[in-house]
Amino acid sequence: MINGTDGSLFPPFVDKSDNIEIFSTDICRSIGLKYEKERTVKGIDVWRFIPPSLVFGNIAENPDNIGFCTPDTDHCLGSGVLNISLCKFGAPVIVSQPHFYQGDRSYINGVIGLHPDKETHQTYIDLEPMTGAALNVAKRLQLNLAVMNVSNFVATEKNNQAANTSFTLAE
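Residues numbered from 1 in each chain as written. Predicted model: local features only at pLDDT ≥ 70, side-chain atom pairs only at ≥ 80, totals over all residues. Heavy atoms only, no water.

S.K.: Sorry, what's going on with the sheet that holds strand E6 (residues 124-128) here?
M.R.: Across a sheet, paired strands are connected by hydrogen bonds in the backbone, their directions being either parallel or antiparallel. Strand order in this open sheet of five strands is E1-E2-E3-E6-E7, and the pairing throughout is antiparallel. Edge positions in the open sheet fall to strand E1 (20-24) and strand E7 (133-138), since each of these has one partner strand only. Looking at each pair of strands side by side, their axes are set apart by 35° on average, direction ignored. Alignment of E6 against E7, held across five bridges, turns out to be antiparallel. (Pairing = 2+ DSSP bridges. Helix = DSSP H or I, 4+ residues; strand = E, 2+ residues; numbered from the N terminus. Axes fitted to C-alpha atoms, helices over the stretch in contact; angles between N-to-C directions.)

S.K.: What am I meant to see in empty space enclosed by the protein here?
M.R.: One simple way to see leftover space: roll a probe sized like a water molecule over the atoms. With the rule as written, the count across this model stands at one cavity of 30 Å³ or more. Put simply, the largest cavity is a space of about 70 Å³. In terms of lining, the largest cavity is formed by Gly57, Asn58, Ile59, Asn65, Phe68, Cys69, Cys76, Leu77, Gly78, Val81, Leu82 and Asn83. In the lining of the largest cavity, the residues fall into seven nonpolar, five polar and no charged. (1 Å grid on protein atoms, 1.4 Å probe; cavity = no way out; pocket = protein on both sides within 12 Å on 5 of 7 lines; lining within 4 Å. Points joined across faces, edges and corners; volume = space filled by probe spheres on them. Nonpolar A, V, L, I, M, F, W, Y, C, P; charged D, E, K, R; others polar.)

S.K.: Is there a simple way to explain the side chain of asparagine 65 in this structure?
M.R.: With respect to the helices, strands and loops of the structure, asparagine 65 is situated in the loop between strand E3 (44-50) and strand E4 (81-83). Residue class for asparagine 65 comes out buried when judged on its relative accessible area of 2%. Within the structure, the side chain of asparagine 65 is placed 2.7 Å from the backbone oxygen of glycine 57, a separation counted as a polar contact. (Buried < 20%, exposed > 50% of the residue type's maximum accessible area, 1.4 Å probe, protein only. Polar contact = N/O pair within 3.5 Å; in protein donor to acceptor, adjacent residues only side chain to side chain.)

S.K.: Please clarify how unusual backbone geometry should be interpreted in this entry.
M.R.: Negative phi is the rule for most residues except glycine; trans is the rule for most peptide bonds. Positioned with a positive phi, cysteine 28 is a non-glycine residue whose angle comes to about 60°. As for its placement among the helices and strands, cysteine 28 is situated in the loop between E1 and strand E2 (29-41). Positive phi, close to 55°, is recorded for phenylalanine 100, a residue that is not glycine. Among the secondary structure elements, phenylalanine 100 is positioned in the loop between strand E5 (93-96) and helix H1 (105-109).

This is the structure we're talking about:
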C-alpha cells in the first residue's frame, strides 16, 4: 500500500507520538518515521523523526517485507537489505542504508572498509512541529548490484549476493 507524502511537506501541529508517513520511490515503499529527539536548526526548535530499523528487516522481523523476496519466498535476503529489482524494471538492484547500517554483520563483513555509523548513515527528517515544515533532511541510501554466485567462476565463488556496493546516495 502507498501511504504518506513525498517527504517534503507535512501537516501542521505535529505530535511526538505521530507516525510520519512518507513514500520513497527510491526504495519502492512507504515508511513510517518515529520521533527520536529534539534538536535546534539555525535557532529553531525541531523534532527529529527517523525510520525504524525494521524498514530493512528480514521477513521474520518485518513480515511486510515479503514483497521484496524475489522471485519467491525461497529468495529472501537478510536484515539490512531489500531486493527492489521488481520495481526497477528488472535491474539487479538491492538497496540498503550506507555501509549496511543496521544490517546483518555478514553484509558488513563482506566488504572491506565498511564502518556503519548512525550519525553519518541514518536517514532523518527534522520537523518544526507547529508548521510541519521539514527544516533539515538527510536521505541516505546505498545501491548495491546483485551479482549471484556462478559455479566454477572463481570471482564469484565466495560472493555475498548483496554486498556488491555500487554507490551511496546522500541527499
